[in-house]
Amino acid sequence: MARFRMYPTSEQTSVMLDHCAHARYVWNLAVEQHSHWYYGRKSAPGFAEQCRQLTEARAASEWLRAGNQTVQQQALQDFSRAKNAKFTAGFGEPTWRKKFRHEGFRVIGTDRVPEYNEDGSAKLNAKTGRQVMGRSVVVQKLNRRWAQVKVPGCGWVRFRNCRPGLPDAKTFRVTFRNGRWHIAFAVIPEPTDAPGTGEIIGIDRGVTVTAALSDGRTLNCPQLTVKERAQVRKHQRRAARAPKGSDTKTAEYAKVAKLKAREADRRKDWCEKTSTDLARSYDLIRFEKLNIRNMTASVKPKPDPDNPGTFLKNGRAAKSGLNRGILAQGWGLLRQRTEHKAPGRVEDVPAPYTSLRCSDCGWIDKNSRKNQAEFVCTVCGFTCNADTNAAINVAVGQAVRPQRAHAPVPEGQHRASGRVSVNLNTPRVLESPRL
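Predicted, not measured: the structure shown is a model, and the values here were computed from it.

Caption draft 1: Structural detail: the overall build of the protein. A count of helical and extended segments in the protein gives 10 helices and 21 strands. Over its C-alpha atoms the protein spans a radius of gyration of 28 Å, topping by over 25% the 22 Å that the globule rule assigns to 435 residues. The principal-axis extents of the C-alpha atoms in the protein amount to approximately 95 × 70 × 55 Å. The average position of the 75 basic charges and that of the 40 acidic charges among the side chains of the protein differ by 6 Å.

Caption draft 2: Layout of the packing of helix α1 (residues 10-35) against helix α2 (residues 47-60). Where α1 meets α2, the closest approach of the two axes is 12 Å, and the angle between their N-to-C directions is 125 degrees. Here α2 runs oblique to α1, going by the angle between their axes. Of the two elements, α1 crosses α2, and the hand of that crossing is right-handed. Every residue of α2 that contacts α1 at V26, A30, Q33 and H34 is listed here: Q50, Q53 and L54.

Caption draft 3: Here's a closer look at unusual backbone geometry. In this structure, F100 takes a positive phi of about 70 degrees despite not being glycine. With respect to the helices and strands, F100 occurs in the loop between α4 (69-88) and β2 (104-108). Even without being a glycine, N178 presents a positive backbone phi close to 55 degrees. One can find N178 in the loop between β8 (171-177) and β9 (180-185). Taking the relative accessible area as the measure of exposure, N178 reaches 39% and is therefore partly exposed.

Caption draft 4: Local environment of the side chain of D304. Looking at the secondary structure, you find D304 in the loop between β14 (302-303) and β15 (311-312). Here D304 sits buried without a salt bridge, and the closest side chain of opposite charge, K302, lies 11 Å off (N-O distance). Engagement of the side chain of D304 in a polar contact is seen with the backbone nitrogen of D306, the distance being 3.2 Å. Excluding residues that lie within four positions of it along the chain, D304 makes contacts with T310, F311 and L312.

Caption draft 5: Seen up close, the nonpolar core. Judged by nonpolar contacts, the single largest core of 33 residues is most densely connected at M6, F105, V149, V151, F159, F172 and F185. The greatest single-element share of this core, amounting to 7 residues, is contributed by α1. Discounting residues that sit within four places of it in the chain, V151 has contacts with M6, M16, F105, V157 and F172. The next biggest cluster of nonpolar side chains, apart from the first, holds 15 residues, and it includes W270, C271, F287 and V346.

Caption draft 6: Structural view of a positive patch on the surface. A contiguous patch of positive charge, built from R229, R233, K234, R237, R238, R241, K260 and R324, is present on the exposed surface. Among the elements that line the positive patch, the one with the most residues is helix α5 (residues 226-241), at 6 residues. Relative to the elements of secondary structure, R233 occurs in helix α5. Since its relative accessible area comes to 45%, R233 is described here as partly exposed.

Criteria and thresholds
Residues numbered from 1 in each chain as written. Predicted model: local features only at pLDDT ≥ 70, side-chain atom pairs only at ≥ 80, totals over all residues. Heavy atoms only, no water. Helix = DSSP H or I, 4+ residues; strand = E, 2+ residues; numbered from the N terminus. Rg over C-alpha atoms; globule rule 2.2 N^0.38 Å. Lys, Arg positive; Asp, Glu negative; His and termini not counted. Charge placed at Lys NZ, Arg CZ, Asp CG, Glu CD. Axes fitted to C-alpha atoms, helices over the stretch in contact; angles between N-to-C directions. Parallel < 35°, antiparallel > 145°, perpendicular 65-115°, else oblique. Left-handed = near helix turned anticlockwise from the far one by under 90°. Contact = heavy atoms within 4.5 Å. Buried < 20%, exposed > 50% of the residue type's maximum accessible area, 1.4 Å probe, protein only. Salt bridge = Lys/Arg side-chain N within 4 Å of Asp/Glu carboxyl O. Polar contact = N/O pair within 3.5 Å; in protein donor to acceptor, adjacent residues only side chain to side chain. Core = buried A, V, L, I, M, F, W, Y, C linked by side-chain atoms within 4.5 Å. Patch = residues over 30% accessible without salt bridge, like charges linked within 9 Å, V, L, I, M, F, W, Y side chains within 5 Å. Areas by Shrake-Rupley, 256 points an atom, 1.4 Å probe, with all protein chains shown as cover.

Set out below in structure tokens:
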């Protein structure tokens, strides 16, 4: 998807908000129709039948008839694809769309252009033998930084063109959130070419250091500044003290959402630039395999056996803070965008023992990890940053699960009581840099 920031006028904003309301209303009607289905009952109406019912609904409702029919039909088309994705791609059941949260609509291009096969020959209709004409979005370039797109009922709407050239797409989606309009063209970008140097990079992801690379670099995802965080807390306090349902509470929460959107923009921009740099610089990119969904799951309550109906302390507040810290790093987005830009060149390495294994001699001992940033091998004395050491292990990869064994005791030293180490029985990694 090629996503750009839109800047509509006040009149265009009013029309596009109506498009969002109509698309959301039609989508929710389709959800309601399918929610009444149960086993043994006649199947719910499909896309063609829903389009026929939409024509009848537009004739009966003046508010719905005032909207654009193409926008409403595209909402039904989106619902049909979401319904099919439940069975083909493993997604869940399409759910309700809410006001102020799911504001958007999709538009299909109005320009007709001829379509061609992959070999360059014209695509012909099997029945008539005529040239197949496809749809294309009408886009015009104004200058180096600005372009405009034709939206039904709004005319030409300007957007910020931050990429070279104009997008060539058949459809586009308009979204509205936190007071900002965006347009996303359905275009699949070309993958980034590999440099051909044969270099392999390992990436260890963490909270203190977002991404530690096996070449010694550390990358941190930008977040809100200290001043901006203070502003978030100030607006949250004001919103909490304001009367319920008042305009003051709504305005304060809107200011908080604006700051949070700014943080999300910085995180997305960092992930885009970092993933592009990784795809251009290395032939093979290895990530530490993490189940982020399970890592950020909420803590289960602990019932008090002595007092039925009450619960014990379970560290919920601390776990919530850790979850926010993990989600603020953009681990999943960085991995996803890197895979999009370098398909087939991204691998996942199992996470166990990557932070405890010495990248110089291959020995695993939990006592080698002194703290978050310091790693000192208890056997060979190799010293390195803990995150960088884990990234080197990720770059090398782990094919087998280590077996427990006793570590050899160097001459003149005695084994500490209670220490259990693990020997990988693997040769020393000479290609790993010593830092």
